[in-house]
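What follows is the residue order along each chain.
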Amino acid sequence: MSDDYKITVTDREGVEHVLDAIEGWRVMEIIRDHGLPIKAECGGACACATCHVYVDEAWLKKLHEPRDEEIDMLDEAFLVEDNSRLSCQIIFTPELNGLRVTLAPEG
Ligand code: FES
């Protein structure tokens, strides 16, 4: 069942957290539900960029391409890298079991 799915999130102190992931949840919601510090001020509406994460390079190509809204919002984010994504725009699916992301610094 869903308990078998995991993602690994590295916090801003460099500590790794292995989190239970649930199919259909946004990665942002998984991170927030486990109490890690992610602001996600807009609640997942792709309107704040405070759910910014860096995606492990090996996983980047497995994600769907960002929509224009996500690209526009990332333009306004702080310390954007090539592997930056908004975690509210990544819906967890079983194919993403083992996904690794790092929380971006707060702007
Ligand atoms: S939670 Fe606001 S853009 Fe992701």
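Now for a look at the structure at hand. For every chain, the first residue of the written sequence is number 1, and numbering continues from 1 along that sequence. Only residues with pLDDT of 70 or above have their local features reported here, since the model is predicted, and side-chain atom pairs are shown and tallied only from 80 upward, although totals for entire chains, interfaces and linings are computed over all residues. The basis for every side-chain value is the complete set of heavy atoms in the structure, and neither hydrogens nor water enter the calculation.

### Here we look at the packing of aromatic side chains
Each aromatic ring pair is characterised by the separation of its centres together with the angle its planes make. The line we're drawing: When two rings of Phe, Tyr or Trp (its six-membered ring) have centres within 6.5 Å they constitute a pair, described as stacked for plane angles under 30 degrees, edge-to-face for angles over 60, and tilted for the intermediate range. We count a stretch as a helix when DSSP gives it H or I for four or more residues in a row; a strand needs E for two or more, and each element gets its number in order from the N terminus. As a reminder, the over-ring test applies to NZ of lysine and CZ of arginine, requiring each to be within 6 Å of the ring centre and within 35 degrees of the ring normal.
Scanning all chains against the criterion turns up 1 aromatic pair. Measuring from ring centre to ring centre gives 5.7 Å for Y5 and F92, while their planes differ by 50°; the resulting arrangement is tilted. Here F92 lies in the loop between β4 (84-86) and β5 (100-103) and Y5 lies in the segment before β1 (6-10), a separation of 87 residues in the sequence. Lying over the aromatic face of W59, K62 brings its terminal NZ or CZ to 4.3 Å of the ring centre.

### Regarding the environment of F78
Rules: Each residue gets one of three labels from its accessible area relative to the maximum for its type: buried under 20%, exposed over 50%, partly exposed in between, using a 1.4 Å probe on protein chains only.
By secondary structure assignment, the location of F78 is in the loop between α3 (68-75) and β4. A relative accessible area of 45% means that F78 is categorised as partly exposed. Separated by 28 residues in sequence, F78 and E106 place their C-alpha atoms 7.5 Å apart.

Function cannot be inferred from these measures alone, as they are strictly geometric.
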